[in-house]
Every structure is written in structure tokens, then in C-alpha cells.
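# Examination of the molecular architecture
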Amino acid sequence: MTDGTPDEDDGADVVINADGTVESSWHDSRPVSVAVLEALETSTGKDTRSYGPLNDIVNADALNNVFRATESGKRRGPGYITFRIEGHSATVHSDGSVVLAPHDN
């Protein structure tokens, strides 16, 4: 299991869009929780460790397992899950993308 700390050497791409949303990606060797934290860090400019443990916000193990392949190797989905995190709306898609958008309120 990952500790939820972003790894800058994992080849991840984090993109800031013109509309203020931030996109990241996850895959079998890069957990969803890490992609979410990297997007949050990019959006806020804050070290994600300043927010405290991810499990205080969302269950990281459950988040990492939402779209994990079944025991037979079959991919789950299609689908997505959306939750709030530190003033943002995070949407994790079964295709491996994460979109983080600032909340208006």
C-alpha cells in the first residue's frame, strides 16, 4: 500500500487547464489516492502533508480499490466517483483519469 505521498519519479502527468481544473492519472502501479493528492498539490500549491492524513478526508484504501481489476483480471467500470476534498471536487474515472475542480462555495 502507498502512504499517499506523491512520487515525482513515477512519470505522472499533471495538467492545469485554462478553466482552472487540474487533471492527473492513475493506473495499476500508481494508486488513485496518489493521483488525487498530486492534483490537489498542483491546484493549491501546498504540500499535501499539510492537510493531514488522507484517511481523515477519504478512505484511501477504498478509493484505491474502487476501479481495481477483479481477481480474474477483468476491469471494472465504466464509471466514476466524485467527492469533496479541501475546497475542491475530485472526480475519479474508471478510464484512469482524475479531474480536480475548485468549488465555488
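For the structure, check the block above.
Residues numbered from 1 in each chain as written. Predicted model: local features only at pLDDT ≥ 70, side-chain atom pairs only at ≥ 80, totals over all residues. Heavy atoms only, no water.

### Some remarks on the pairing of strand 3 (residues 80-85)
- Across 6 bridges, the pairing between strand 3 and strand 4 (residues 88-93) is antiparallel. Bridging from a neighbouring strand, Ile-81 pairs with Val-92 of strand 4.
- Connecting strand 3 to the antiparallel partner strand 4 that follows it, the hairpin turn spans 2 residues, and Glu-86 within it adopts a positive phi of roughly 50°. (Pairing = 2+ DSSP bridges. Helix = DSSP H or I, 4+ residues; strand = E, 2+ residues; numbered from the N terminus.)

### Quick notes on the environment of His-93
- Tracing the backbone shows His-93 in strand 4.
- Its relative accessible area of 25% is what places His-93 among the partly exposed residues.
- On a C-alpha basis, the gap between His-93 and Ser-25 in space is 9.2 Å, while along the polypeptide they are 68 residues apart.
- Discounting residues that sit within four places of it in the chain, His-93 has contacts with Trp-26, Phe-67, Gly-79, Tyr-80 and Val-99. (Buried < 20%, exposed > 50% of the residue type's maximum accessible area, 1.4 Å probe, protein only. Contact = heavy atoms within 4.5 Å.)

### A look at the nonpolar core
- Membership of the largest hydrophobic core comes to 20 residues, with the highest contact counts inside it found for Trp-26, Val-36, Leu-63, Phe-83, Ile-85, Val-92 and Leu-100.
- Those elements giving two or more residues to this core turn out to be helix 1 (32-44), helix 2 (60-65), strand 3, strand 4 and strand 5 (97-102).
- Among the elements that make up this core, the one with the highest residue count is helix 1 (6 residues).
- In this structure, Trp-26 is in contact with Pro-31, Val-32, Ala-35, Phe-67, Arg-75, Val-92, His-93, Ser-94, Gly-96, Ser-97 and Val-98, ignoring residues within four places of it in sequence. (Core = buried A, V, L, I, M, F, W, Y, C linked by side-chain atoms within 4.5 Å.)

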